[in-house]
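Residues per chain, in single letters:
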Amino acid sequence: RDDNEAVWARLAALAGGAGARVAVIATASGEPARAAARVDERLRRHGVRGLAIEAAPLQDGAAAAQAAAHAPRWVEAVAGSQAVFFTGGAQARLLDTLAPGGAPSPLLQAVHALHARGGLVAGTSSGAAVLSALCFREAPDLIGALRGTLREGIEIDRGFGFLPPQMVLDQHFVQRGRIARLLPLMASRRVPLGLGVEEDSAALLHAGRREVLGRHGVLVADMAEAQVD
């Protein structure tokens, strides 16, 4: 939420504090300009500037958005930033624009380069879901997931890979009953660790440590010793 100072203040501090710049990628959003402006407004309260990266399929069309993900202008903008923030919306828009067919675009490569040099990569809602190596693409049918309907490219997909491969992330977790889809995914793909981030909360992962911020917490699923019959 806009008033969650625990999360926004920490995000601004990790980005570098006053004077830092955060590249805001609102590709997933149905209203990308508005979504980026809201993030910028929250960051400016803490002296950090948000820069909107214009790669939005719902605003400009899928082809134009994919072209923007190859544009040197935006690649250089990310390279000159200290952090990246992915807004919410639909995972499919992010995946199809920044990594169509699983191939990382120059823009996504620039985000990985920023992360590799110690920069912060963050996201909310769908912008958080795509950060793991394996992610849910579009799986609203929880009963179907429990019955094993987890098809590559439909319910699940390859994520952006900022988290270790042995960890998968999901969001709006308790509120939307998503443990019903997380556990079947972990079992079928033999992923030992799952993080379910609840509303108005955040998980901070750094150097093997996990910290919980915000109001409602994070559920940790450990299936390293689970047996399925």
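Our subject is the structure listed above.
Note that the coordinates shown come from a computational prediction; the quantities given were computed from them, not determined experimentally. (Residues numbered from 1 in each chain as written. Predicted model: local features only at pLDDT ≥ 70, side-chain atom pairs only at ≥ 80, totals over all residues. Heavy atoms only, no water.)

A. Quick peek at the sheet that holds strand β2 (residues 49-53). Strand order in the open sheet formed by four strands is β2-β1-β3-β4, and the pairing between neighbours is parallel. Unpaired on one side and paired on the other, β2 and β4 (120-123) mark the two borders of the sheet. Between one strand axis and the next, the sheet turns through 25° on average, direction left out of account. Relative to β4, strand β3 (residues 83-86) is paired through four bridges, and the arrangement is parallel. Its bridge partner being in β4, valine 84 is matched across the sheet by valine 121. (Pairing = 2+ DSSP bridges. Helix = DSSP H or I, 4+ residues; strand = E, 2+ residues; numbered from the N terminus. Axes fitted to C-alpha atoms, helices over the stretch in contact; angles between N-to-C directions.)

B. Quick peek at helix α2 (residues 32-44). For α2, with 13 residues, the first-to-last C-alpha span of 18 Å sits near the 18 Å given by 1.5 Å per residue. Restricting attention to buried positions, one finds in α2 the residues Pro32, Ala35, Ala36, Val39, Asp40, Arg42 and Leu43. Each buried residue of α2 lies within a common arc of 165° when the element is viewed along its axis, so the set occupies one face. Looking at α2, the residues exposed on the side facing more than 90 degrees away from the buried face are Ala33 and Arg34. Those residues of α2 that are buried lie in contact with α1 (5-15), β1 (21-25), β2, α3 (57-60) and β3. (Expected span 1.5 Å × (residues − 1). Buried < 20%, exposed > 50% of the residue type's maximum accessible area, 1.4 Å probe, protein only. Arc of directions from axis to C-beta. Contact = heavy atoms within 4.5 Å.)

C. Spotlight on the nonpolar core. With 34 residues, the main nonpolar core has Val78, Phe86, Val111 and Phe160 as its most contacted residues. Looking at this core, the elements that each hand over two or more residues are β1, α5 (72-79), β3, α6 (91-98), α7 (106-116), β7 (167-171) and β8 (193-197). Not counting residues within four places of it along the chain, the set of residues in contact with valine 78 comprises Ala23, Ile53, Val84, Leu107, Ala110, Val111, Leu114 and Arg117. One finds Leu11, Val24, Val39 and Phe85 within the second-largest nonpolar core, a separate group that totals 17 residues. (Core = buried A, V, L, I, M, F, W, Y, C linked by side-chain atoms within 4.5 Å.)

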